[in-house]
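Observations on the three-dimensional arrangement
Take a look at the letters that make up each chain.
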Amino acid sequence: MFRDFTLPPGDRSLAGATIKGRDLIFARLSGVDLSGADLRWGVLRCCKLDGAILRGCRLSGASFQETDLRGADLRGSDLSFDSVAGSTRFDAADLSGADLRGADMGGASFRRARLVGADLREACARSSRPDHPTRFDGADLADAQLGGADLTGCVFDSETRFPQGFDPSEAGMIHAKDRSAS
């Protein structure tokens, strides 16, 4: 475990690193370049990753619960369900202003996550596993950019907040109470 893991002064890059399956709880990696890194199955709970560059990362099955990812760049990253470790978890994480354009989010969990002003354009949140849908229960998507995002089959609940004028049913999303009834 890397409690309070911090890079040496002046070192701001872990681009392309393989940190697969590592426990980085409480790591402080604000603004660090992790482009193309392999973080699959990692535990990154309660971390500081605000402004971090996670572009093109492999994040399947990782846990980012209660992590600060404000303004992080996750463009083109793989956040999808992993048959070994399960859902990539962003439960109660702060992804305000994060860039998730073109990310594969199928089967990830964003329960109670803050995605205010996040950019999800062209992201694919449709899960390839109907038994593991992408979850947005209680998530705050206010002012998020959802144009072109594939949200088909994603689950939301009465606590989920959407941008003004956005209709989750029209986007193919399923209310949690309707899902449990089937």
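Every chain is numbered independently, its residues counted from 1 as its sequence is written. Two thresholds apply to this predicted model, a pLDDT of at least 70 for residue-level local features and 80 or more for giving and counting side-chain atom pairs, whereas whole-chain, interface and lining totals are computed over all residues. Each side-chain value is derived from all of the structure's non-hydrogen atoms; neither hydrogens nor water enter the calculation.

**A look at the state of the cysteines**
Our working definition of a disulfide is a cysteine sulfur pair at a distance within 2.5 Å. Counted according to the given criterion, the structure contains zero disulfides. The thiol of Cys-46 is not disulfide-bonded; the next cysteine sulfur, from Cys-47, is found 7.4 Å away. Since its relative accessible area comes to 30%, Cys-46 is described here as partly exposed. As a non-bridged cysteine, Cys-154 has Cys-124 as the owner of its nearest cysteine sulfur, 8.3 Å distant. A relative accessible area of 0% means that Cys-154 is categorised as buried. For each residue, the accessible area found with a 1.4 Å probe, counting protein chains only, is set against the maximum for its type, and the residue is called buried under 20%, exposed over 50%, and partly exposed in between.

**Considerations on the confidence of the model for the chain**
Confidence along the chain averages 91 in pLDDT terms, with 92% of residues attaining 70 or more. Every residue is assigned a pLDDT by the predictor, reflecting its confidence on a scale from 0 to 100. A run of H or I in DSSP counts as a helix once it spans at least four residues, and a run of E counts as a strand once it spans at least two, with each numbered from the N terminus. Mean pLDDT across the elements of the chain bottoms out in helix H1 (residues 176-181) (75) and peaks in strand S1 (residues 155-156) (98).

**Describing the environment of Arg-135**
Structurally, Arg-135 is set in the segment before S1. Classification of Arg-135 as buried rests on a relative accessible area of 17%. Taking the C-alpha atoms as reference points, Arg-135 and Leu-24, separated by 111 residues in sequence, lie 24 Å from one another. Two residues form a contact once any of their heavy atoms are found within 4.5 Å. Among all residues touching Arg-135, those that are not within four sequence positions of it are Ala-108, Ser-109, Phe-110, Arg-111, Val-155, Ala-176 and Arg-179. Under the rule applied, a polar contact is a pair of N or O atoms within 3.5 Å (in protein, one hydrogen donor and one hydrogen acceptor; residues adjacent in sequence only if both atoms are side-chain atoms). Separated by 2.8 Å, the side chains of Arg-135 and Asp-137 make a polar contact.

**Thoughts on the side chain of Asp-137**
One can find Asp-137 in the segment before S1. Exposure remark for Asp-137: the relative accessible area of 10% places this residue in the buried category. A distance of 3.5 Å separates the side chain of Asp-137 from the side chain of Arg-111, its partner in a polar contact.

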